[in-house]
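So you can see what is in the structure, the chains are spelled out below.
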Amino acid sequence: MTEAARDPRTVYLADYRPWSHLVDRVELCFRLAPKGTKVAAKLHMRPNPAARGRHVLRLDGEGLRLITLKLDGALLDLTPDETGLTVPADLLPECPFLLETEVAIDPETNTALEGLYMSRGMYCTQCEAEGFRKITFYPDRPDVMARFHVRIESDLPVLLSNGNPTASGEGWAEWDDPWPKPAYLFALVAGDLVAHRGGFTTRSGRSVDLAVWVRPGDEDRCAWAMDSLIRSMKWDEEVYGREYDLDVFNIVAVDDFNMGAMENKGLNIFNSKYVLASPESATDDDFARIEAIIAHEYFHNWTGNRITCRDWFQLCLKEGLTVFRDQQFSGDMRSHAVKRIEDVAVLRARQFREDQGPLAHPVRPESFVEINNFYTATVYEKGAELIRMLKTLVGDEGYAKALNLYFSRHDGEAATIEDWLKVFGDATGRDLTQFALWYSEAGTPRLKVAEAWQDGSYTLTFTQETPPSPGQPVKAPKVIPIAVGLLNPNGDEVLPTTVLEMTGATQSFRFDGLAARPVPSILRGFSAPVVLERETSADERAFLLAHDTDLFNRCEAGRSLAREMLIAGLTGGEDLLPAWRDALARLIRDDTLDPAFRALALRLPSEDDIAQALHQRGHTPDPAAIHAARRAAGDALAQALAADLPGMIAGLGAGRFAPDAAGAGRRALRNAALALLARVDGGAAAQSAFAAADNMTDQTGALAALLDIGQGAAELARFRDEWGHDANVMDKWLSLQVALAAPDRAAAQAETLAADPGFDWRNPNRFRAVFGALSGHHAGFHQAGGAGYRLLADWLLRLDPLNPQTAARLSTAFETWPRYDAARRDLIRAELERILGQPGLSRDLAEMAGRMIA
Ligand code: 0A1
Ligand code: ZN
């Protein structure tokens, strides 16, 4: 890259340099007040030998009012600029010194929810990625690791920070964190909170006090979070040999939070939506998500906190690995096959979509303007897929060896992807040069398959190609682990799952000594994040749906059959509806199959998935036609199964609610059956199910079935009467009404709900409930005329000055514009230009809109 092409706001991986100094110890004192919180900081520092030479001292700081600045006790008269404070080199000693600052900040007016802010009377912090600079002057970068001591002064009863509590009194508390950490892991909470307490004894006998802190009244909905935490702690010891390392572990639920949760050392802060659960107020999906997020944040204690990232380009080092670990955990707690099917559905819906559009970027990007824009499906979900592939390639033992080496070699360090891959190389002797391409190249490889059969020999020939992505016109072949199995025509498996390692652009694999031409089951368990392009007959897909021993691929056969049926219908191809309908009806009636699996197999590809597939094949998706085709398929299946559904629903019914996988699977299938039945019985069964529901899964399941057929007004009113006091539950009420509105009503519905004076659009959960649902309503968002586009852009522009991070995240609704017809493309472009033209637009939203339009 030439100097001239460099954008001054852009940060480049290639520019990484170690920081000029080391911070040995930080002492912080907070005197909390809604306006004018005083933050006093003592930074014990010394020159960094790795930085060589004399340097200025540059501290990050944003929106801070500097009160005093002292160097080794002497006052310094320096004025900060907009982004920080520079102490000239000639003032700095070449030995250890103490820099003291005092600043004032206003948590009450911090609506961005980054730094120190207030949520319903409580103080809390969010420092990842670069929020600590809004609290005090500091080297706000992950490779500067220091020990923190924190004193909090406030009249509020509960005062929490990282590490262990050391002392407290009336109106104050002190905390000490013995583990060096980067500033992004700093946290502070002060509020009128109550604890749901628990305990854990580590395998070496350390006893840990656990607490989940919530607002009074919420304490009876914390048991699941606590239970999930204890299981996570045990699992990490058993599976990864990782033990917890402090005397306490605190989790706090906060109502105003931009993301899901945050892994601050010893003090995880959660979006309250991912903590609070009772059978009455939370669905099975909520329970599963809470379990997964509690585990994710806990697992960060080792993969993220003890070993952190050298710089933000290495974000996938902690996130990809930690997502992979939480996926393993959920699989162990529940069902591996079901979990894998669900994870791949999310990967395709979010990451494949991202990878095919203007926002595509490598798992390890090489530049960014605003790092908060890179907490993406690519870094997280594709990052996890890369770990999964590594494990497949080196085997379970190799993986365990590599991970042990990683923990012992890099504990206490800020590491890179090169360090990570070197550990695998050193532990297993594998050359991972080609594998590294997965980290540096964006785009989803397309894998084409050709077959040949001759004299008992069966040959599979694979060809890989990765389409261009922004800034990366040409891609090299990657190493792709392809798990395959072969079935006999009678359904017996003749080759159990075998991993083929593809490294070239085209590569053949031969299987000899077969009695009959086999049916291949390719990419079992989704062994690599690629798009498999294989022309197969509907019969063969139906055969695999009935016989594949790999449950993932069995479900995949049903999904691909449905996809081909819908695409054929939309592009004037063969009528595959009867073949799909009959194959699925057979599967659904098969009581020997896990209900959870049958519920998943019943799910039609989403409208967005169909649009993605059409675009990949060179068609222009028509959102209204996709919506109609998908509904018609659902109606046909409902009619075919009409006689079976009432019996199925009754057979799967009731019993006491427990948030376990088996119960969740039964409820999922029952609610799927109820939604189908509503298509043929006018909603009668769903109305009774709503009236009889004693848990949120069944209540929302029945409500959704009714809204889907344009009914449910009375049930909506009853739901609001029952849950109006609980904003997180009411988010379901908001989302469902938008998500299930008729396409031509979706934008108007979102507008009406958002206009309600009680609607707190400043809260990210509320905003997402309405506008996330609108952008997820494919036919509604892309309604001809552009009402959906305009409404979303209006609201993003309204949110941006207050909360740029959330506005930028939701702007990804527009990322799929290149797929559509010229009229829609023009409409979206006009909205993106309107956004970019807004005076004072945030760096966050400006970067996103700019990349989408480029
Ligand atoms: N590290 C957290 C996610 C997170 C990231 C950024 C945030 O603010 C910008 C907040 C949370 C995780 O992976 O769970
Ligand atoms: Zn994470």
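Residues numbered from 1 in each chain as written. Chains lettered and ligands numbered in written order. Predicted model: local features only at pLDDT ≥ 70, side-chain atom pairs only at ≥ 80, totals over all residues.

Visitor: Explain the overall build of the chain to me, and be specific about the residues and the numbers.
Guide: Counting its secondary structure elements, the chain contains 26 helices and 30 strands. The C-alpha atoms of the chain give 28 Å as radius of gyration, which agrees with the globular expectation for 854 residues (29 Å, within 12%). Each principal axis of the C-alpha distribution contributes one length, and for the chain these read about 85 × 65 × 60 Å. Burial status across the chain gives 52% buried among its 854 residues. (Helix = DSSP H or I, 4+ residues; strand = E, 2+ residues; numbered from the N terminus. Rg over C-alpha atoms; globule rule 2.2 N^0.38 Å. Buried ≥ 20, exposed ≤ 12 C-beta atoms within 10 Å, placed from the backbone.)

Visitor: Could you give me a rundown of the sheet that holds strand β24 (residues 446-454), with the residues and numbers involved?
Guide: Two orientations exist for strands paired in a sheet by backbone hydrogen bonds: parallel and antiparallel. What the four strands build is an open sheet, ordered β28-β25-β24-β30; its pairing is mixed. The outermost strands of the open sheet, each flanked by one partner alone, are β28 (506-511) and β30 (531-533). Neighbour to neighbour, the strand axes of the sheet diverge by 25° on average, direction disregarded. In this sheet, β28 lies alongside strand β25 (residues 457-465) in antiparallel orientation, the contact comprising six bridges. Looking across to β28, one finds that Phe-462 is bridged to Gln-507. (Pairing = 2+ DSSP bridges. Axes fitted to C-alpha atoms, helices over the stretch in contact; angles between N-to-C directions.)

Visitor: Go over the sheet that holds strand β26 (residues 480-487) with me, naming the residues and quoting the values.
Guide: Read across the open sheet, the three strands follow the order β27-β26-β29; overall the sheet is antiparallel. At either end of the open sheet lies a strand with only one pairing partner, and these are β27 (493-502) and β29 (519-522). Each adjacent strand pair in this sheet contributes to an overall mean axis angle of 25°, direction not counted. In this sheet, β29 lies alongside β26 in antiparallel orientation, the contact comprising four bridges. Across the sheet, Val-484 pairs through a bridge with Ile-522, a residue of β29.

Visitor: Outline the nonpolar core, supporting the account with residue identities and numerical values.
Guide: Ranked by internal contacts, the top residues of the largest apolar core, which has 251 residues, are Val-189, Val-252, Val-275, Leu-674 and Val-770. The biggest single contributor to this core is helix α5 (residues 377-410), with 12 residues. (Core = buried A, V, L, I, M, F, W, Y, C linked by C-beta atoms within 7 Å.)

Visitor: Describe the UniProt feature "domain: Peptidase M1 alanyl aminopeptidase Ig-like fold" (unreviewed entry) in the chain, with residues and values.
Guide: Those places that UniProt annotates as "domain: Peptidase M1 alanyl aminopeptidase Ig-like fold" (unreviewed entry) correspond, in this numbering, to residues 443-534. Secondary structure over residues 443-534 splits into 0% helix and 53% strand, and the C-alpha atoms at its two ends are 19 Å apart. (UniProt positions renumbered as here; feature names shortened; annotations may be inferred.)

Visitor: Hey, could you go over the site of ligand 1 for me, with residue numbers and the actual values?
Guide: Taken together, 15 residues are adjacent to ligand 1, and Glu-128, Met-259, Met-262, Asn-372 and Tyr-375 come closest. For the shell around ligand 1, the secondary structure elements donating two or more residues are β19 (261-262) and α2 (284-299). Grouping the constituent residues of the shell around ligand 1 by class yields five nonpolar, six polar and four charged. (Near = placed C-beta within 6 Å. Nonpolar A, V, L, I, M, F, W, Y, C, P; charged D, E, K, R; others polar.)

Visitor: Before we move on, can you summarise the packing of helix α20 (residues 746-755) against helix α23 (residues 787-799) with the specific residues and values?
Guide: Contact geometry for α20 and α23: axes closest at 8 Å, N-to-C directions at 30°. The orientation of α20 with respect to α23, classified from their angle, is roughly parallel. Crossing hand, α20 versus α23: left-handed. Between α20 and α23, the contacting residues are Ala-746, Ala-747, Ala-750, Glu-751 and Ala-754 on the first element and Ala-787, Gly-788, Leu-791 and Trp-795 on the second. Classifying every residue of the contact of α20 with α23 by side-chain character gives seven nonpolar, one polar and one charged. (Parallel < 35°, antiparallel > 145°, perpendicular 65-115°, else oblique. Left-handed = near helix turned anticlockwise from the far one by under 90°. Contact = placed C-beta atoms within 7 Å.)

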